[in-house]
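This is what each chain is made of:
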There are 2 protein chains.
Amino acid sequence: MRRIASEDLDHLTLGATLLGTGGGGDPFIAKLMVEQAIEDFGPIDVATLDELDDDALVATVAVLGAPTVIIEKIPSGSEFTDAVRALSSYMGRKIQAIMPVEVGGMNTLIPLAVATELGVPCLDADGMRRAFPQIEMTSFTLAGLSSSPMSLADEKGNKIAFETVSNQMGERLVRGSAMMLGLANAVSLYPMTVAQAKDAAVWGSMRYCSELGGHLRAVQRQEPDAWDRLLAFTGGRIAFEGKIIDLDRRTTTGFARGTVTIEDFADPTRTMRIEIQNELLLAIEDGRPVVTPPDLICMLDHETAEPITTETLAYGQRVRILALPCAPELKRGDWLDVVGPSAFGYDVDYVSLEG
Amino acid sequence: MRRIASEDLDHLTLGATLLGTGGGGDPFIAKLMVEQAIEDFGPIDVATLDELDDDALVATVAVLGAPTVIIEKIPSGSEFTDAVRALSSYMGRKIQAIMPVEVGGMNTLIPLAVATELGVPCLDADGMRRAFPQIEMTSFTLAGLSSSPMSLADEKGNKIAFETVSNQMGERLVRGSAMMLGLANAVSLYPMTVAQAKDAAVWGSMRYCSELGGHLRAVQRQEPDAWDRLLAFTGGRIAFEGKIIDLDRRTTTGFARGTVTIEDFADPTRTMRIEIQNELLLAIEDGRPVVTPPDLICMLDHETAEPITTETLAYGQRVRILALPCAPELKRGDWLDVVGPSAFGYDVDYVSLEG
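Residues numbered from 1 in each chain as written. Chains lettered and ligands numbered in written order. Predicted model: local features only at pLDDT ≥ 70, side-chain atom pairs only at ≥ 80, totals over all residues. Heavy atoms only, no water.

In the nomenclature of an unreviewed UniProt entry, chain A is known as DUF917 domain-containing protein of Nostocoides japonicum T1-X7.

A. Layout of the overall build of chain A. Of the regular secondary structure elements, chain A holds 11 helices and 17 strands. Whereas a compact globule of 355 residues would reach a radius of gyration of roughly 20 Å, chain A reaches 19 Å, a difference of no more than 12%. With the C-alpha coordinates of chain A rotated into their principal frame, the extents come out at 60 × 40 × 40 Å. Looking at chain A as a whole, 64% of its 355 residues are labelled buried. Of the contacts made within chain A by residues no fewer than 6 positions apart, 72% connect residues no fewer than 24 positions apart. Split by element, the accessible area of chain A, about 12,700 Å² in all, is 48% carbon and sulfur. (Helix = DSSP H or I, 4+ residues; strand = E, 2+ residues; numbered from the N terminus. Rg over C-alpha atoms; globule rule 2.2 N^0.38 Å. Buried < 20%, exposed > 50% of the residue type's maximum accessible area, 1.4 Å probe, protein only. Contact = heavy atoms within 4.5 Å. Areas by Shrake-Rupley, 256 points an atom, 1.4 Å probe, with all protein chains shown as cover.)

B. Structural detail: the interface of chain B and chain A. The partner chain A presents 20 residues to the 20 residues of chain B that form the contact. Between chain B and chain A, the buried area comes to about 1,700 Å², and carbon and sulfur atoms account for 62% of it. Counting across the chain B and chain A interface gives zero salt bridges. Linking chain B to chain A there are five residue pairs in polar contact (both at pLDDT 80 or more). (Buried area = accessible area lost by both parts, 1.4 Å probe. Salt bridge = Lys/Arg side-chain N within 4 Å of Asp/Glu carboxyl O. Polar contact = N/O pair within 3.5 Å; in protein donor to acceptor, adjacent residues only side chain to side chain.)

C. Seen up close, helix α1 (residues 6-19) of chain A. All names here are of chain A. The end-to-end C-alpha separation of α1 is 20 Å, in line with the 20 Å expected for 14 residues at 1.5 Å each. Among the residues of α1, D8, L9, H11, L12, T13, L14, G15, A16, T17, L18 and L19 are the ones counted as buried. Buried residues along α1 sit in contact with β1 (2-3), α2 (27-41), α5 (110-118), α9 (205-220), β16 (296-301) and β17 (318-324). A positive phi of about 45 degrees marks T21, the residue just after α1. (Expected span 1.5 Å × (residues − 1).)

D. Layout of unusual backbone geometry. Residues and elements named next belong to chain A. A cis amide bond links S148 with the next residue in sequence, P149, at an omega value of 0 degrees. Looking at the element boundaries, P149 is found in the loop between α6 (139-142) and β7 (150-153). Cis peptide bonds are those with omega within 30 degrees of zero, and the linkage from P293 to P294 qualifies with 15 degrees. Here P294 shows up in the loop between β15 (288-291) and β16. At Q222, a residue that is not glycine, the phi angle is positive and equals roughly 55 degrees. Secondary-structure assignment places Q222 in the loop between α9 and α10 (226-234). The residue N278 is not glycine, and still its phi comes out positive at about 65 degrees.

E. Seen up close, the pattern of salt bridges. Summed over the entire model, instances satisfying the criterion amount to 28 salt bridges over all chains. Across the pair D199 of chain B and R332 of chain B runs a salt bridge whose closest N-O atoms are separated by 3.2 Å. In this pair, D199 of chain B is assigned in helix α8 (residues 194-200) and R332 of chain B in the loop between β17 (318-324) and α11 (335-339), connecting sequence segments 133 residues apart. The class of D199 of chain B is partly exposed, set by a relative accessible area of 46%. Here R332 of chain B falls in the partly exposed class, since its relative accessible area comes to 31%. Linking R320 of chain B and E241 of chain B is a salt bridge whose minimum nitrogen-to-oxygen distance equals 2.9 Å. Of this pair, R320 of chain B sits in strand β17 while E241 of chain B sits in strand β11 (residues 237-252), and the two are 79 residues apart along the sequence. Linked by salt bridges that have partners in common, D264, R270 and E285 of chain A make up one network.

Structural data, given as structure tokens:
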């Protein structure tokens, strides 16, 4: 077990903003929730998969909605433990550990606050090691696990438990219900044993996120070779540098959707267009896909290296686009159908970042 | 306990069609389900509220959706027991008896089939003694009981349990979820003890329905004084006789909505307009409301005295409109807000049938 310290939390928050790939909600709000939870309920222990009993029951917990809504409808806190309790009620079993469903965005940190409030450890593992817009887009689905039973709760005390025949149906039902409850709700899903998590989860994603955050902090402090170290750690590359010349956003069918176009600083004939579905999902340079899901598209302020979320995008912003390879656990089984370009409705082939 | 015999079932089905007030789904389909269930699982016992332990847990079970959809998407059967089991799972308690939520339409008979499949008695009581389009419109709500925890299930195996802060919110959530699952689903709701049911339910509504069906069968057989006996039994009156001259129907926002206009046989300047929301809800004669909810508007074929459901309405049909006073249990507490005209969005005052 590793106890979360204040510096961890800073690096974790920064790393989570980067792995949010523009979406996933603002981790800074979640960081405040974690700090409050530590004050109210005591320190938080993060466990590796090896440290818990194989039979222990784990569930993920997250906020579900559109980031554009979440920044205006800040979680009150009790809906997360309500969601876990509703799941536990439905299953008739105690949840013995909490795990993030996505390490990326605010859902990286919320599980820490929930874990200490429930008095259980938080697992250092997740199902994405990035943010994705839909709940079935996980290494858990690729390993054949069901997202249900799962639960949804709002800040008023409404609770819903779901048991669905497929993870895709689970996404449809939970999203539809969240739209009725205000589109910024708590979900608890993918209940599994630690043994199942060992097979299906991305291991050590919290530690990865924290180290990534540390590297990015070094870049922001302009430490020598900081960019090189960040790129070496992630295996990523800088994909584009320029300024935003066009922007189109709308919140529809339960998602924040849009398109952002960036023009190269040096050569105005070169542009990159990025498609948004809560997250930055697909980068097209001069008509040719260059970064495709499940790989990560991260946008940073060109001067400060602060990650930019899609809801704060603005015309004229000067940005740097970072392309990071996804966790290897996302390339298993039918991964192209679940997390590849076609899963998001894009009619393009996957392009390897190594290619 | 009273064992359901074949003649009971015939009268119950006919009575249920009349109390369906044009909606509530076709009880004939439900009758076939009951006959099949008796063959598969054995005879059905109907109990009065006095015959069960006060502590026994009862839940209602019903089909929820738009009648226009239900006649094309016939219940498969397993979704009803799935709904009861999902509710039981969520509550962590065994459901010891089943009760109709509405005695009116197919939801009168479905609980009988579910009861024998689950091996529990069916209570002779309900929350409406008619059909209503929304789940919160019950004597249970008027007595302060919660409709949740409640559950929804479809024929594919998807199950949802809800715990809501109000019965109105329960209606919104369950209706929205049913729209996602095809708008013809099984619900189980209003779990309560027998002691609570004694206070909150309409007693003996199945027996009332069966006797009403017997009287209507006598009318159809043209037995002497049959109409007089039916009107004396119900306290109702014949409100209009004429032919349908206009009809407008649409399935929208989870309901079958519409308007039907009838012209008096003798005097073509006299017309009655009836507003539909799954059920026949409001009758307006020459601009003046004459039958208002919660009282019942029943439409019968003028020749055969066969009840007409809203989905089989047709231009030129010759009909008789029967107005029946509602169960007295629907006039308790804030009844005008829950089952009066304004609860359906009609800006008219309640008109007593005795007035």
